[in-house]
Amino acid sequence: MEKAFEFLQKKDPIFRTIIAQYGLPTITVRPQGFATLVLLILEQQVSVDSAKATFLKIKLHTANLNPETLNSLSDATFRSFGVSRQKTTYIKALATAIINNEIDLDHLPLLTAAEVRETLIKIKGIGHWTIDVYLMFCLQSPDILPLGDIAVINTITELLDLNDKSQIARYTQNWQPHRSAATFLLWHYYLRKRNRTITYSP
């Protein structure tokens, strides 16, 4: 990652500004597998802390957080944990796909980023943001830029005065093949400027 940060500082002055102001980010690796994907579903469109609190309620209730266990829980039980009806459907869709051997999460590290995306996007409730985060944090894919992430878009808009997503996509091609490192720096800037810290793994 150090070489990636060096590359980005030479490529774009905004990264020199971020690092000069806030230093380098700490890169968190999240575990691969079903439990993390469940947590990422919970993180969709809510704060990381809120999702983590809900996830911990599920973990406390279930001896084994696996597809079979979660698939057997009633919708009412999920509601008691604070999981919406929609996200309950998404979690059960993921669990069902694994139980029916429609997806093999253990095989994902052997695939390219594009193949991982093609595999996971078929599951109801798993969109590009969830896949991007899984690729970055779990599979350490080096060239991911989650344009569905509000913090990333807001930071790019602030630092580069770019507002259109297609314009942003074109501009950030210059950061290849280290767009994941660029994203970590953008998140780092966003959080440090707001005096916020995030612990991703519960």
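Residues numbered from 1 in each chain as written. Predicted model: local features only at pLDDT ≥ 70, side-chain atom pairs only at ≥ 80, totals over all residues. Heavy atoms only, no water.

Bringing the packing of aromatic side chains into the picture now. Counted according to the given criterion, the structure contains 7 aromatic pairs. Ring plane angle 90° and centroid distance 5.3 Å describe the contact between Phe-137 and Phe-184, whose orientation is recorded as edge-to-face. Remark: Phe-184 occurs in helix 12 (residues 179-193) and Phe-137 occurs in helix 9 (residues 128-138); sequence separation between them is 47 residues. Both residues of the pair, Phe-137 and Phe-184, count as buried. Ring centres of Tyr-171 and Trp-175 lie 6.1 Å apart, and the angle between their planes is 90°; on these two criteria the pair is classed as edge-to-face. Since its relative accessible area comes to 27%, Tyr-171 is described here as partly exposed. (Phe/Tyr/Trp six-rings, centres within 6.5 Å; stacked < 30°, edge-to-face > 60°. Helix = DSSP H or I, 4+ residues; strand = E, 2+ residues; numbered from the N terminus. Buried < 20%, exposed > 50% of the residue type's maximum accessible area, 1.4 Å probe, protein only.)

Of all 11 residues making up helix 9, 9 are buried, and the element is well covered by its neighbours. Residues of helix 9 that are buried: Thr-130, Ile-131, Asp-132, Val-133, Tyr-134, Leu-135, Met-136, Phe-137 and Cys-138. Contacts from the buried residues of helix 9 go to helix 3 (34-43), helix 8 (113-120) and helix 12. Two residues or fewer past helix 9, Gln-140 is found with a positive phi of approximately 55°. (Contact = heavy atoms within 4.5 Å.)

Evaluation of the coordinates by the stated rule reveals 5 salt bridges. The salt bridge involving Arg-30 is made with Glu-43; its shortest N-O contact spans 2.7 Å. Pair noted here: Arg-30 is in the loop between helix 2 (13-22) and helix 3 and Glu-43 is in helix 3, with a separation of 13 residues, a long-range link. Using a relative accessible area of 3% as the deciding quantity, one classes Arg-30 as buried. (Salt bridge = Lys/Arg side-chain N within 4 Å of Asp/Glu carboxyl O.)

Another point: the nonpolar core. Ranked by internal contacts, the top residues of the largest apolar core, which has 63 residues, are Phe-15, Leu-94, Leu-120, Trp-175 and Leu-186. Residues within four places of Phe-15 in sequence aside, it is in contact with Leu-8, Gln-9, Trp-175, Ala-182, Leu-185 and Leu-186. (Core = buried A, V, L, I, M, F, W, Y, C linked by side-chain atoms within 4.5 Å.)

The next subject is the environment of Ser-72. With respect to the helices, strands and loops of the structure, Ser-72 is situated in helix 5 (residues 67-72). The class of Ser-72 is exposed, set by a relative accessible area of 56%. Between the C-alpha atoms of Ser-72 and Lys-92, which are 20 residues apart in sequence, the distance is 8.8 Å.

This part takes up the layout of surface pockets. Its volume calculated, the largest pocket comes out at about 520 Å³. Around the largest pocket, the lining is made up of 20 residues, and of these Val-46, Val-48, Trp-129, Asp-149 and Ala-151 lie nearest the centre. Contributions of two or more residues to the lining of the largest pocket are made by helix 9, helix 10 (150-160) and helix 12. Across the lining of the largest pocket, the residue classes break down as 12 nonpolar, 4 polar and 4 charged. Empty space within the second largest pocket amounts to approximately 320 Å³. The wall of the second largest pocket is formed by 14 residues, among which Pro-25, Thr-26, His-188, Leu-191 and Ile-198 lie closest to the centre. Per element, the largest residue contribution to the lining of the second largest pocket is 5 residues, and it comes from helix 12. Split into classes, the residues belonging to the lining of the second largest pocket amount to 8 nonpolar, 4 polar and 2 charged. (1 Å grid on protein atoms, 1.4 Å probe; cavity = no way out; pocket = protein on both sides within 12 Å on 5 of 7 lines; lining within 4 Å. Points joined across faces, edges and corners; volume = space filled by probe spheres on them. Nonpolar A, V, L, I, M, F, W, Y, C, P; charged D, E, K, R; others polar.)

A separate point is unusual backbone geometry. The linkage connecting Gln-176 with the following residue, Pro-177, adopts the cis geometry, with an omega of 0°. Backbone geometry at Asn-195 places phi at a positive 55°, although glycine is not the residue there. If you trace the backbone, Asn-195 turns up in the segment after helix 12.

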